[in-house]
6 protein chains.
Amino acid sequence: MTKKLLVINPNTSAEMTKDIQTTINQIKDFDMDVTVTMPDFGPQSLESFYDYSLAAFGCIRLVQKVGEDYDGILVSCYGDPGLFSLKEICDYPVIGIAEASIALSTIMGQKFSLLVASHKAVPMMEDMVNQYGFQSRLASIEPIGVSVLEIEKDKKASIAKLSAVGAKAIEKGGEVLILGCAGMTGMKEELETELGVPVIDPVEYGYLLLEMMVKNHCPISKIGLYKQPDQKKISKLEILIN
Amino acid sequence: MTKKLLVINPNTSAEMTKDIQTTINQIKDFDMDVTVTMPDFGPQSLESFYDYSLAAFGCIRLVQKVGEDYDGILVSCYGDPGLFSLKEICDYPVIGIAEASIALSTIMGQKFSLLVASHKAVPMMEDMVNQYGFQSRLASIEPIGVSVLEIEKDKKASIAKLSAVGAKAIEKGGEVLILGCAGMTGMKEELETELGVPVIDPVEYGYLLLEMMVKNHCPISKIGLYKQPDQKKISKLEILIN
Amino acid sequence: MTKKLLVINPNTSAEMTKDIQTTINQIKDFDMDVTVTMPDFGPQSLESFYDYSLAAFGCIRLVQKVGEDYDGILVSCYGDPGLFSLKEICDYPVIGIAEASIALSTIMGQKFSLLVASHKAVPMMEDMVNQYGFQSRLASIEPIGVSVLEIEKDKKASIAKLSAVGAKAIEKGGEVLILGCAGMTGMKEELETELGVPVIDPVEYGYLLLEMMVKNHCPISKIGLYKQPDQKKISKLEILIN
Amino acid sequence: MTKKLLVINPNTSAEMTKDIQTTINQIKDFDMDVTVTMPDFGPQSLESFYDYSLAAFGCIRLVQKVGEDYDGILVSCYGDPGLFSLKEICDYPVIGIAEASIALSTIMGQKFSLLVASHKAVPMMEDMVNQYGFQSRLASIEPIGVSVLEIEKDKKASIAKLSAVGAKAIEKGGEVLILGCAGMTGMKEELETELGVPVIDPVEYGYLLLEMMVKNHCPISKIGLYKQPDQKKISKLEILIN
Amino acid sequence: MTKKLLVINPNTSAEMTKDIQTTINQIKDFDMDVTVTMPDFGPQSLESFYDYSLAAFGCIRLVQKVGEDYDGILVSCYGDPGLFSLKEICDYPVIGIAEASIALSTIMGQKFSLLVASHKAVPMMEDMVNQYGFQSRLASIEPIGVSVLEIEKDKKASIAKLSAVGAKAIEKGGEVLILGCAGMTGMKEELETELGVPVIDPVEYGYLLLEMMVKNHCPISKIGLYKQPDQKKISKLEILIN
Amino acid sequence: MTKKLLVINPNTSAEMTKDIQTTINQIKDFDMDVTVTMPDFGPQSLESFYDYSLAAFGCIRLVQKVGEDYDGILVSCYGDPGLFSLKEICDYPVIGIAEASIALSTIMGQKFSLLVASHKAVPMMEDMVNQYGFQSRLASIEPIGVSVLEIEKDKKASIAKLSAVGAKAIEKGGEVLILGCAGMTGMKEELETELGVPVIDPVEYGYLLLEMMVKNHCPISKIGLYKQPDQKKISKLEILIN
């Protein structure tokens, strides 16, 4: 039976949503029914915890409205905003592209490096890697020093910058490079050619992992960190928000 | 000059707001002008990441409305929901009762234990302690196995339960016990008497630390993790939310 | 185009090879051509580093003989014997069921527990988890206290023992349980039903991950830990061994 | 009721004692009775474990003579010499400026850097940070390459050097800079202006934290690391030393 | 040429000094000239940081008086009081029995357990193991619940208690047991027989390691943590102390 | 009674075996009967996990043939190939030069640096240090960028390169430098003279530690990680291999 997957771009940039759609079209299995969407409000790009908080709210509201129709969700922003909340309230797999890409990188090499947009992303990503417990596998976090929206405006310039910081990452021991921003989706191949090292497009790997989990009925554990909140609590709030 | 402090109970329980007010009244310096308040929507108690996400949104909105009038903010829920977002958007000290109580506990003893409400709080708190980097100082997390709202309903029973798990914590090496839920505020003294060990009421210590920081012009660093988001982004959203 | 995968049971137990075959038959994609095999010499079960060393040698020899015909390899023994050597000498993905199951468990819950055969497996697995850098996600390692070959002899008894230690693991914070021995393959479902928590059959997850990687051309990084040894060195030895 | 605080400069430099006094005069609450003093023997500056051992002895002797008259003690040397001994033998709060400044820095930013005097201070401080368990919050330790006593001789030159290494610290991710030597007290403001980042004068923050703890009856835990030694043992030795 | 070694019992118990002498007599190489001694003042047993501070002072004074005549020093108290100071001021090897026994235990098994005297020794030893960076090799710390001086009074009872807690340590994964108190010297053999697991007498292993280092001219590094303090500083203080 | 020690050079380079012999001749005690040998097949140098796997097999076979005649074994390749297997099957001490040199370095300074041959050795050694749990004592790993066999071909050039990277290691905080390749044996003295810092020849320290352990009957723990495999299993395989 065809499975339905929801890919959420948690920001409100239509362009980035389109890019994510393009990436997924290239890799999705023919018998998967995939919807790529975004919340109806929130920042156009997510570059701070403030942005993350708004996006988390938007994602929760979106999932409360349409979530029942799906068999799995991919949160497609590096930083996994609202991920733990969504894992709690859904009874099917919810995956973040950050957690998925880091987990998979550990199979592909001893150490990963994250290539990120702005300088502020460096401590934010380090905070996330510490929270996830992957410190000993992290080689470095390399910012290209531009904002997320600028990345998409001049893709050629962005790839050049990513190539430059990618070379630095390799020197610091990065064996696998991860594009640490959904706005970089689609740039992986040129980088792999130039740098001669695996580059992970986290939208791609996040999606593939979700597809694998949904097809094979892999559950999220509901007895610990992601235990479902009291059902009454959830429905009461749903009304309040709408 | 009198300083104005805002203490936010991030849930919507009027009773818990009142209890926090009581604790602060007992310790506040006479020349501090303190307002204890709560968001106008959100869960009555915060026991999941879902609750945290809603509360974070509520707190941000509250601070965007009234924040300009204050010199410092205390986020008064163990779990520090929305804390990093508020640190970013305010240009004065914003403190969470979890981060403050853990930091201060390191002065008072080698190892701290957290006494928490439900079983689900155990992995949630462990996740937070890992994110903050205090793993090597944590002795244990001890749940009393009741929901946050039940704690306040029967305070006597709650203290008895806290005393029982506190004894377990001491056996596991806890030298300082922290009440890991704002709903436990006001219960510290009986526990200290019974257990013969320092018990931290995080509302109290969080408030005292905020007072000290505001009086002495201690800033939050704005060059790294808590760098201010783009101002235009913030104002645009303010309109959208209201 | 059909891809060819090699699943190696690194011990010489025909029964275990058959069980692995059964598990993979149930999940493999129709257009994958999968061979399940084992080395022509070595211990019947792998329960010590001594066993691992012999198995590693056997696996290398096997891959040197038949490896050229394949697009991916799964090493199907918990402990990943010889895995790093095989990652080095192959130019396509080689995955171990231990590394794969642990990486995937981090998506499914905060903490995993390993259910293992003998008491000796406890320090062996802890050593491996430390080497891989996943200490902070490990809840516990629980031995059932029987040898690997006994597990298969009385499957009903084994499941009962696994259920008992699984309950202990849950109490210690294990949110996802991993069957830490390929000899336990096929026992997952009964345990999930009894314990109400996700149980990972590492043969299954390792295979699914390999399939995903091979289908989508995910490479292993060849610039760091798994850099290919000097080609001359390899061929010289091939002669020597045969 | 007025509380009496003892601030110990553990070395025997009268000049440094005076500087500490100056810093404290600027921040102390009017109703606190503060004495700044130093031991009657020991090194003029503390730059080795040898110096620390002598200073620890001097501080203990000092506290055994005059300690009964006080309600709290601040050990005012970065390195906290003798701190754990004094925590044991006093029944009121004893704080070190190193432990206090590091704990408070965690509220002000994700990562701190220490600016220290000599190159030898680098491994000494790293050893201390490891012992305290704050490794994951440490960005870097930056030596200015001069001895402690030289720092005070030419304050202008010292500030210039601190500014230079402070810039390096910021580049390595330091969000909060800590002056890692009591001899640098009073130099914070110029550095903050130049570098645009919070700089902690540990004498100031250590004192403020002590004041807060004493005013609010915050105890040190006496059941674990700082358990009081056998009383008979202490008095016997007192005689022996004098 | 005969080498001269100094073994310092840092407390002032003549009985313990004699026991240490006995242990060393049984193992020392015939061509080593070994003196076992103790400071002329200080506590009879070292069970707190206060005791350590006094002992450190006593040991420094002792070494300043007689140190020039020796080629190596063993500090023979578990806790290594004053060790770093002595490493700094001597130009030959100085070893502590704690650091030596832990380092050697890593060759003998994956995990060590410490058997200690009082409950207070538990956090003290944990603090030391953290400072030394051996946390991941520590299985447990097991107190027998008696004071150091009592250990020697009734050796038979002490061995029985050590045997009981040793069994607990083994259950927690301790593969090598270390007698975490110099007062337990000479009790190793009975324990090994009873428990069937290697038991380290740290006086013995510390001495053997010192002998090996002195015979083979192994130096202590003087460029980092143990860099020699300014010579003038040392001589000035020598006068002051005497 | 004279003890018999076996030193295994796990590769098949006769030249390296000779160099190891030379080093040991200079330090061995007159009443030790030492045999330096190598397996009868395998790579001439060990620079990958593939090499390690072959060497491990060769070492096991060697020990199964001649091991009964000895009282202790030193595995003399940095990387400790096959070490855990040999620890399991022998009932006397088996030591690796990597584990021994790192353990001893912790006595000689706070931080060690490894000087290694090729760039690939960097992640391999880091993996080993993580597995052993010594991360917090590691300052850096410095490759000279040549293959193992080249090291011996031009010793003068190798020493010059080691001196250059040694200086870098010192700048990064390395207090003790370890020659991270048995092919560098005999080069320590020139480096110590040039760099003014202790340099460990791991063949030397590994041998000295083994001698000390064998003379003093120090056992390897057989209850945990190194528990002896089932005897029947071992003998069956012995036949199979020969």
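Along each chain, residues carry numbers from 1 onward, in the same order as the chain's sequence is written. By the order in which they are written, chains take letters starting at A while ligands take numbers starting at 1. The model is predicted, so local features are restricted to residues of pLDDT at least 70 and side-chain atom pairs to those at 80 or more, both for listing and for counting; the totals for chains, interfaces and linings are taken over all residues.

**Here we look at the overall build of chain A**
Numbering goes from the N terminus for both helices and strands, where a helix is a DSSP run of H or I of at least four residues and a strand is a run of E of at least two. Of the regular secondary structure elements, chain A holds ten helices and eight strands. The globule rule puts the C-alpha radius of gyration for 242 residues at 18 Å, and the 17 Å found for chain A is close to it. When the backbone C-alpha atoms are referred to their principal axes, chain A occupies close to 55 × 35 × 35 Å. If you take every contact in chain A between residues at least 6 apart in sequence, the share linking residues at least 24 apart comes to 73%. Using C-alpha atoms as the atom set, the radius of gyration is obtained and then compared with a globule rule of 2.2 Å times the number of residues to the power 0.38. In this description, any two residues whose backbone-derived C-beta atoms lie within 7 Å of each other are considered to be in contact.

**As for the interface of chain E and chain F**
Taken together, the contact between chain E and chain F spans 32 residues of the former and 32 residues of the latter. Of all the elements in the fold, those that place two or more residues in the side of chain E that touches chain F are α4 (97-108) and α9 (202-215) of chain E. The biggest single contributor to the side of chain E that touches chain F is α4 of chain E, with seven residues. Under the scheme applied, nonpolar residues are Ala, Val, Leu, Ile, Met, Phe, Trp, Tyr, Cys and Pro; charged residues are Asp, Glu, Lys and Arg; polar residues are all the others, including Gly. Its residues assigned to classes, the side of chain E that touches chain F shows 19 nonpolar, nine polar and four charged.

**Observations concerning the environment of Gly79 of chain E**
Residue and element names in this part refer to chain E. Here Gly79 lies in the loop between β3 (72-75) and α3 (83-89). Three classes are used. A residue is buried when 20 or more other C-beta atoms lie within 10 Å of its own, exposed when 12 or fewer do, and partly exposed in between, with C-beta atoms placed from the backbone. For Gly79, a count of 27 C-beta atoms within 10 Å translates into the label buried. Between the C-alpha atom of Gly79 and that of Gly96, which follows or precedes it by 17 residues, the distance is 8.1 Å. Contact partners of Gly79, with chain neighbours within four places excluded, come to Leu46, Tyr52, Ala98, Met124 and Met128.

**Quick notes on the packing of helix α4 (residues 97-108) of chain B against helix α4 (residues 97-108) of chain D**
Following both chains from N to C, one finds α4 of chain B and α4 of chain D inclined at 170°, their axes separated by 9 Å at the closest point. Comparing their axes, α4 of chain D and α4 of chain B come out roughly antiparallel. In contact with Glu99, Ala100, Ala103, Leu104, Thr106 and Ile107 of chain B of α4 of chain B, α4 of chain D contributes Glu99, Ala100, Ala103, Leu104, Thr106 and Ile107 of chain D. Residue classes in the contact of α4 of chain B with α4 of chain D are distributed as eight nonpolar, two polar and two charged. Between the N-to-C directions of two axes lies an angle of 0 to 180 degrees, each axis being a line fitted to C-alpha atoms and, for a helix, fitted only over the stretch in contact. Here is the rule for angles: anything less than 35 degrees is roughly parallel, anything more than 145 is roughly antiparallel, 65 through 115 is roughly perpendicular, and the remaining ranges are oblique.

**Structural notes on the packing of α4 of chain E against α9 of chain E**
Residue and element names in this part refer to chain E. Taken N-terminus to C-terminus, the directions of α4 and α9 make an angle of 85°; their axes are 8 Å apart at the nearest point. Classified by the angle between their axes, α4 and α9 sit roughly perpendicular to one another. Taking contact as the criterion, the partners of Ile97, Ala98, Ala100, Ser101 and Leu104 in α4 are, on α9, Pro202, Val203, Tyr205, Gly206 and Leu209. Partitioned by chemical class, the residues of the contact of α4 with α9 number eight nonpolar, two polar and no charged.

**Examining helix α1 (residues 14-27) of chain A**
For α1 of chain A, which comprises 14 residues, the first-to-last C-alpha distance of 21 Å matches the rise-based estimate of 20 Å (1.5 Å per residue) to within 8%. On its buried side, α1 of chain A packs onto β1 (3-8), β2 (32-37), α6 (148-153) and α9 (202-215) of chain A. Multiplying 1.5 Å by the residue count of a helix minus one yields the expected span of that helix.

**Some thoughts on helix α9 (residues 202-215) of chain B**
Residue and element names in this part refer to chain B. When the terminal C-alpha atoms of α9 are compared, their 20 Å separation across 14 residues agrees well with the 20 Å that a helix rising 1.5 Å per residue should span. Extensive coverage of α9 is indicated by the burial of twelve of its 14 residues. Listing the buried residues of α9 in full gives Pro202, Val203, Glu204, Tyr205, Gly206, Tyr207, Leu208, Leu209, Leu210, Glu211, Met213 and Val214. Note on α9: the residue one or two positions beyond its end, His217, has a positive phi of about 60°.

**Things to note about the interface of chain C and chain A**
At the junction of the two partners, chain C supplies 32 residues and chain A supplies 32 residues. For the side of chain C that touches chain A, the secondary structure elements donating two or more residues are α4 (97-108) and α9 (202-215) of chain C. When residues in the side of chain C that touches chain A are grouped by element, the largest group, seven residues, is from α4 of chain C.

**Brief notes about the relation of the copies chain E and chain F**
Mapping chain E onto chain F calls for a screw motion: a turn of 180° about the axis and a shift of 0.0 Å along it, with 0.0 Å RMSD after fitting. Both chain copies can therefore be described as sitting about a two-fold axis. Relative to the rotation axis, the C-alpha of Ala103 of chain E is the closest in chain E, positioned 2.5 Å from it. Residue by residue, 100% of the interface of chain E is reproduced at the interface of chain F, so both copies engage with the same surface. We place the copies in one frame by least squares, fitting the C-alpha atoms of every residue whose pLDDT is at least 70 in both.

**With respect to the relation of the copies chain C and chain A**
Superposition record for chain C on chain A: RMSD 0.0 Å, screw rotation 180°, translation along axis 0.0 Å. An overlap of 100% is found between the interface residues of chain C and their copies at the interface of chain A, pointing to a shared contact surface.

**Quick look at the domain arrangement of chain A**
Residue and element names in this part refer to chain A. Domain start and stop positions are those given by an automatic or database domain assignment. Under the domain assignment used here, chain A contains domain 1 (3-96 + 204-241) and domain 2 (98-201). Averaged C-alpha coordinates put domain 1 and domain 2 at centres separated by 22 Å. Taken residue by residue, the interface counts 22 residues in domain 1 and 22 residues in domain 2. For the side of domain 1 that touches domain 2, the leading source of residues is α1, giving six residues. Along the lines of polarity and charge, the residues of the side of domain 1 that touches domain 2 split into seven nonpolar, ten polar and five charged.

**Section: the sheet that holds strand β5 (residues 112-116) of chain C**
Strands qualify as paired when DSSP identifies two bridges or more between them. An order of β6-β5-β7-β8 (chain C) is seen for the four strands of this open sheet, with the pairing classed as parallel. The sheet terminates laterally at β6 (138-143) and β8 (199-200) of chain C, the two strands that pair on one side only.

**Some thoughts on the sheet that holds strand β1 (residues 3-8) of chain F**
The strands making up a sheet are joined through hydrogen bonds of the backbone, oriented either antiparallel or parallel. All names here are of chain F. The four strands are arranged β2-β1-β3-β4 in an open sheet whose pairing can be described as parallel. Since the sheet does not close on itself, it has two edges, and those belong to β2 (32-37) and β4 (94-96), each with one partner. Each strand axis lies, on average, 20° off the axis of its neighbour in the sheet, ignoring direction. Lying over the sheet, helix α9 (residues 202-215) contacts β1, β2, β3 (72-75) and β4, oriented at roughly 165° with respect to β3.

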